[in-house]
Every structure is written in C-alpha cells, then in structure tokens.
Amino acid sequence: MAELAAEIANLKAWKKAVILAHNYQLPDVQDLADFVGDSLGLSVQASKTDARVIIFCGVDFMAETAAVLNPGKIVIHPAPEAMCPMSMMIDAANVRELRQQHPGAPVVSYVNTSAEVKAESDICCTSSNAVKVVQSLPDREAIFLPDRNLGMYVQRFVRDKVLYLWPGYCPTHQQIKKEDLLQLKKDHPRAISIVHPECTPDVIDVADKAFSTEGLVGFIRSSGEREFIIGTEGGLIHRLKKISPDKTYYEIPSAVCPTMKKITPALILKSLQTLEPRVTIEKGIMDRARGPIERMVNMGRGD
Ligand code: SF4
C-alpha cells in the first residue's frame, strides 16, 4: 500500500491532479485523498480547485457536479458504475411533469440527482443546507425531490410552506430501523445518537440529533461527550476516528452503501495513469445545471 500511495502521489503532482473523496469511501481511498467531505464540502472544493485534473472518489452525481462546476478541467470518476440508486429514482421528464402538476412552484433538487435533473431545477441543496435553501424561497410552495425522507425532515422546520415530495429514498438509510437504533441506545446508554436526515421519520424521532455527515463531524469534534451512535453510512467512522480518536463510535451494521465502496486505490492509480474514465456531459445540460448548483454552493452550510 505504501508503494502504491507513493506512486499515486508522484503521478498526482506530475499531472497536477487533486483527489476528492466522500466520507463514505473505503478507508484506504479516504487516506489517499487531498480532501474528504460531504457533498457540499466536495462541491465547494471542486469549485475552487486550481488543479488541472480532478479524481472524484464518490458516486456518479458527485463527479458530475464537479464536472459541471469545472468545464475546463478533466474530471475523472474511477468507477463509473458507482451510481447512486436514489439519483436514479427520478429523471428530467419526471421533473417536467411535476412542474405541470404544480405550476409556479420552484423545484428544489437534492444534490443526489443527475445533471439532467439539476438542469430542470431552480436550486439544488444538500442535507446540510436543505432547510436553509427551502426557507430562502419567497414562494409558499415548492417541489422537493427526490428524497422523500429529507423532504419530510425539511418540512418539520418550514411550516409556512407546502412541499410536494417525490417518493425517492436512499436504500442505505432506509434500512436503518428504529429497533436497531433503540437497541444500540439500550446497549450504550451514555452514547449520543446521531442520524442522517435521509433516515425515515420514526428513526429521526428516536435519535438525539439529526445532522448531515459534515454537521455530524462538527458536532462530535466540539462535543464534550465520549460515546456516539452513528446513524449513517459506516464509512464516516474512519474519518471520525482520525479527527477525534479519543471518542468511541457505535455503528449500525446494516448501514453500508455498496456503490460507495467500488473505488479502490488500484483504480485511482489507473485513472491517474490513463486520465480515464472521464466524466462527460452534454454542454447544454452542463450550462443549465450550473446555476442551480452554484446557488446551492453560495447558500453555504445550514448545520
Ligand atoms: S448512501 Fe444513499 S444517497 Fe448516498 S450514494 Fe449511497 S445510495 Fe446514494
């Protein structure tokens, strides 16, 4: 691994590349990255990098977002088959139909959507700033897609607006069950339980806190508590152990996103050697998707 890491570091410098990795990536991939973070953090990094090449270690929509924000750069997704099932639950035609059903209602798209869906949207959001984005809209109603659970979570804080939700969901967070969380709370009574807003409402109801992954990292870093139940994809625990090694983390064994585990150090090396596979998006879609993404980035964090 040390040899591979050294080769990757050399190639990265030679090709003027940066490696961005999501919090749910394999530990070895996170350790090779220049920046590890959530969707918003990675979008911000992608928008301000001066690297010539971006190696994006995440799922398809994240690499697409980096490409939309960097039309002049080479964006590489080392495992193009790493596709987010939630983002595949809606397409551009569905968004156009929603607009017809709710004329005048702005479309807020979770960043977990394809570039085509983003191109049909008014503004994007991440789980970190979804509440802030919806609150910022002057309208009394909005279409929120594709994550129904996140939409219901936002609705808890935005009582003066009607949200029209799409029945999409994250299979990984959907399978975190209230009973699993209650059992962990019983086994570790001193632990603070924190879940992701992609979890179902009954899970959020029994948790102590709900945060985006970056919000969760920030909370734990500054907390005086010692034990935490992590109600999101288990990959985050690798980062937490590096940031706050003196604390104890209890994971939910079923919370694994298989598509997030497809990128390996060997694939990163191959990508740097070949500068393939590149993310390509039709120019018209890129240009229309950029505004909604930039509005999301400019909104900043909300948790
Ligand atoms: S954790 Fe859920 S939302 Fe994130 S990439 Fe996996 S399936 Fe998609």
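Numbering of residues starts from 1 in each chain and follows the order in which that chain's sequence is written. In keeping with the model being predicted, local features are shown solely for residues with a pLDDT of at least 70 and side-chain atom pairs are shown and tallied solely at 80 or more, while totals for entire chains, interfaces and linings include all residues. Think of the side-chain values as coming from all heavy atoms in the structure, minus any hydrogens and water.

## Some words on the domain arrangement of the protein
Part 1 of the argument: Annotation comment: domain bounds sourced from an automatic or database domain assignment. Here the protein is described as being made up of domain 1 (2-83 + 260-281), domain 2 (87-169 + 289-299) and domain 3 (172-256).
Part 2 of the argument: On a C-alpha basis, the centroid separation for the pair domain 1 and domain 2 is 26 Å.
Part 3 of the argument: By the criterion of area lost to domain 2, the three top residues of domain 1 are Leu40, Phe61 and Val68, representing 44% of everything that side buries.
Part 4 of the argument: Here a salt bridge means any side-chain nitrogen of Lys or Arg lying within 4 Å of a carboxyl oxygen belonging to Asp or Glu. Connecting domain 1 to domain 2 are 0 salt bridges.
Part 5 of the argument: Polar contacts, as counted here, are pairs of nitrogen or oxygen atoms within 3.5 Å of one another; within protein the pair requires one atom able to donate a hydrogen and one able to accept it, and residues that are adjacent in sequence qualify only if both atoms are side-chain atoms. One can count 2 residue pairs in polar contact (both at pLDDT 80 or more) joining domain 1 with domain 2. By definition, the buried area sums, over both parts, the 1.4 Å-probe accessible area that each loses when the two are put together.

## A short note on the pattern of salt bridges
Part 1 of the argument: For the structure shown, the criterion picks out 14 salt bridges.
Part 2 of the argument: Between Arg99 and Asp122 there is a salt bridge, with the nearest N and O atoms lying 3.0 Å from each other. With Arg99 in helix H5 (residues 92-101) and Asp122 in the loop between helix H6 (115-119) and strand E6 (123-125), the pair connects residues that are 23 residues apart, well separated along the chain.
Part 3 of the argument: On the basis of relative accessible area, Arg99 is assigned to the partly exposed category, the value being 29%. Segments assigned H or I by DSSP are reported as helices when at least four residues long, segments assigned E as strands when at least two residues long, and all are numbered from the N terminus. Partly exposed residues are those whose accessible area sits between 20% and 50% of the maximum for their type, while under 20% is buried and over 50% is exposed, using a 1.4 Å probe and protein chains only.

## Comments concerning the sheet that holds strand E8 (residues 162-165)
Part 1 of the argument: Pairing between strands requires that DSSP locate at least two bridges from one strand to the other. Spatially, 4 strands are ordered E6-E5-E7-E8 in an open sheet, and the strand pairing comes out parallel. The outermost strands of the open sheet, each flanked by one partner alone, are E6 and E8. Taken pair by pair, the neighbouring strands of this sheet meet at an average axis angle of 30°, ignoring direction.
Part 2 of the argument: As judged from the 3 bridges shared by strand E5 (residues 107-110) and E6, these two strands associate in the parallel manner. The residue of E6 that forms the bridge with Ser109 is Cys124.
Part 3 of the argument: Most of the contacts of helix H8 (residues 148-157) go to E8, to which it runs at about 175°, and overall it touches E5, strand E7 (141-145) and E8. Interaxial angle, 0 to 180 degrees, is taken between N-to-C directions of lines fitted to C-alpha atoms, where a helix line uses only the stretch in contact. Here, residues are in contact when the closest pair of their heavy atoms is within 4.5 Å.

## With respect to unusual backbone geometry
Part 1 of the argument: Omega for the peptide link from Leu145 to Pro146 comes to -10°, which places this bond in the cis form.
Part 2 of the argument: The omega angle of the peptide bond from Glu276 to Pro277 is -10°, so this bond is cis rather than trans.
Part 3 of the argument: Even without being a glycine, Lys16 presents a positive backbone phi close to 55°.
Part 4 of the argument: Secondary-structure assignment places Lys16 in the loop between helix H1 (2-14) and strand E1 (17-22).
Part 5 of the argument: Backbone geometry places Leu275, a non-glycine residue, at a positive phi of 55°.

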